[in-house]
Amino acid sequence: VERSAMIDTWLEKHRLIYTGATRHPFILSIRDGTIDMTSFKRWLAQDYLFVRSFVPFLSSVLIKAWKESDDNTDMEIILGGMASLSDEISWFKREASKWGVLLTDIIPQKANQDYCRFLESLMSPDVEYTVSITAFWAIEAVYQESFAHCLEDGSKTPPELQETCERWGNTGFGEYCQSLKRIAERKLQKVSDDVLTKAEVLLLRVLEHEVEFWNMSSGGT
Ligand code: HMH
């Protein structure tokens, strides 16, 4: 396989599912201003739980970067991501109280449980750093692309949801995702074909979980 721009090659190959994750009806309803606030509050509560599970996952990526990376800056980029999560958790608490959502008694829904279990499986030391960082990039990139879409010219995002969209749609977050992508691309050039395949499969699993997470938020299952 030609290893340059591996991720872009995969995104072209899996265009449909990628678009399904980044242009989901939930996101499109924020963008066109038709979002049902019950759905938004459901997303907010469930995503708060997700982000709490994301912290230990990120710490596992950090450990792998420290052990396996050939570049010191990887760890600093991941550490920056961890620091932002602290701020993100505070933001969820403020936002939830604004909408009257109680974060103390949220029951994780099935799609969320499945996604968190998947994150937990990635924390295993048997999962290679390259595979973890690729999955990590994908998780962040879906939110970045989705929420940035709600900020583009012509979008009718309700003013009260602007701040939420800016949290993941801002250019700083975009640059952070680009840094993660560059790390993943660099590592993918050096791994065996088996690990390469594993990274592609897990990238697809991330996209599927993201679609299910939006479906859950929209009110389906
Ligand atoms: C479900 N995916 C989900 N929640 C998030 N907060 C992110 C990605 C980005 O951090």
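Notes on the structure follow.

The rules we used
Residues numbered from 1 in each chain as written. Predicted model: local features only at pLDDT ≥ 70, side-chain atom pairs only at ≥ 80, totals over all residues. Heavy atoms only, no water. Helix = DSSP H or I, 4+ residues; strand = E, 2+ residues; numbered from the N terminus. Buried < 20%, exposed > 50% of the residue type's maximum accessible area, 1.4 Å probe, protein only. Contact = heavy atoms within 4.5 Å. Patch = residues over 30% accessible without salt bridge, like charges linked within 9 Å, V, L, I, M, F, W, Y side chains within 5 Å. Areas by Shrake-Rupley, 256 points an atom, 1.4 Å probe, with all protein chains shown as cover. Salt bridge = Lys/Arg side-chain N within 4 Å of Asp/Glu carboxyl O. Phe/Tyr/Trp six-rings, centres within 6.5 Å; stacked < 30°, edge-to-face > 60°. Near = heavy atom within 4 Å. Polar contact = N/O pair within 3.5 Å; in protein donor to acceptor, adjacent residues only side chain to side chain. Nonpolar A, V, L, I, M, F, W, Y, C, P; charged D, E, K, R; others polar. 1 Å grid on protein atoms, 1.4 Å probe; cavity = no way out; pocket = protein on both sides within 12 Å on 5 of 7 lines; lining within 4 Å. Points joined across faces, edges and corners; volume = space filled by probe spheres on them.

### Describing the environment of Met 6
Alright, step 1. For Met 6, the position within the fold is in helix α1 (residues 6-13).
Alright, step 2. Residue Met 6 is classed as buried on the basis of its relative accessible area, which comes to 3%.
Alright, step 3. C-alpha of Met 6 to C-alpha of Thr 134: the two residues are 128 residues apart in sequence and 11 Å apart in space.
Alright, step 4. Contacts of Met 6, omitting those with residues within four sequence positions, involve Val 1, Glu 185, Leu 188 and Leu 196.

### Let's talk about a nonpolar patch on the surface
Alright, step 1. Side chains of Ile 63, Trp 66 and Met 75 sit close together on the surface and give an oily, nonpolar patch of about 330 Å² of accessible area.
Alright, step 2. Within the fold, Trp 66 resides in helix α4 (residues 37-68).

### Section: the packing of aromatic side chains
Alright, step 1. For the structure shown, the criterion picks out 26 aromatic pairs.
Alright, step 2. Ring centres 6.4 Å apart and planes at 65 degrees place the aromatic pair Tyr 115 and Phe 213 in the edge-to-face group. Here Tyr 115 is found in helix α6 (residues 110-122), whereas its partner Phe 213 is found in helix α10 (residues 193-218), with 98 residues between them in sequence.
Alright, step 3. A relative accessible area of 1% means that Tyr 115 is categorised as buried.
Alright, step 4. Members of the aromatic cluster, each reached through a chain of ring pairs, are Phe 26, Phe 40, Trp 43, Tyr 48, Trp 91, Phe 92, Trp 99, Tyr 143, Phe 147, Trp 168 and Trp 214.

### Describing the site of the ligand
Alright, step 1. Around the ligand sit Asp 47, Phe 50, Val 51, Tyr 115, Ile 139, Glu 140, Tyr 143, Trp 168, Glu 210 and Phe 213, and those are all the residues in its vicinity.
Alright, step 2. Between the ligand and the protein, one listed contact pairs a nitrogen atom with a side-chain N or O atom of Asp 47 at 2.7 Å.
Alright, step 3. In the model, an oxygen atom of the ligand is placed 2.8 Å from a nitrogen or oxygen of the Glu 140 side chain.
Alright, step 4. Protein chains shield 100% of the accessible area of the ligand, which is 290 Å² for the free molecule.
Alright, step 5. Of all the secondary structure elements, the ones that give two or more residues to the shell around the ligand are α4, α7 (129-149) and α10.
Alright, step 6. Of the residues that constitute the shell around the ligand, the class distribution is 7 nonpolar, no polar and 3 charged.

### Focus on the layout of surface pockets
Alright, step 1. By volume, the largest pocket amounts to about 230 Å³.
Alright, step 2. Considering the residues around the largest pocket, the lining is formed by 18 residues, among which Leu 85, Glu 88, Glu 140, Trp 168 and Phe 173 are closest to the centre.
Alright, step 3. Of all elements in the fold, only α4, α5 (72-98), α7, α8 (159-169), α9 (171-188) and α10 reach the threshold of two or more residues within the lining of the largest pocket.

That is the geometry; function is a separate question.
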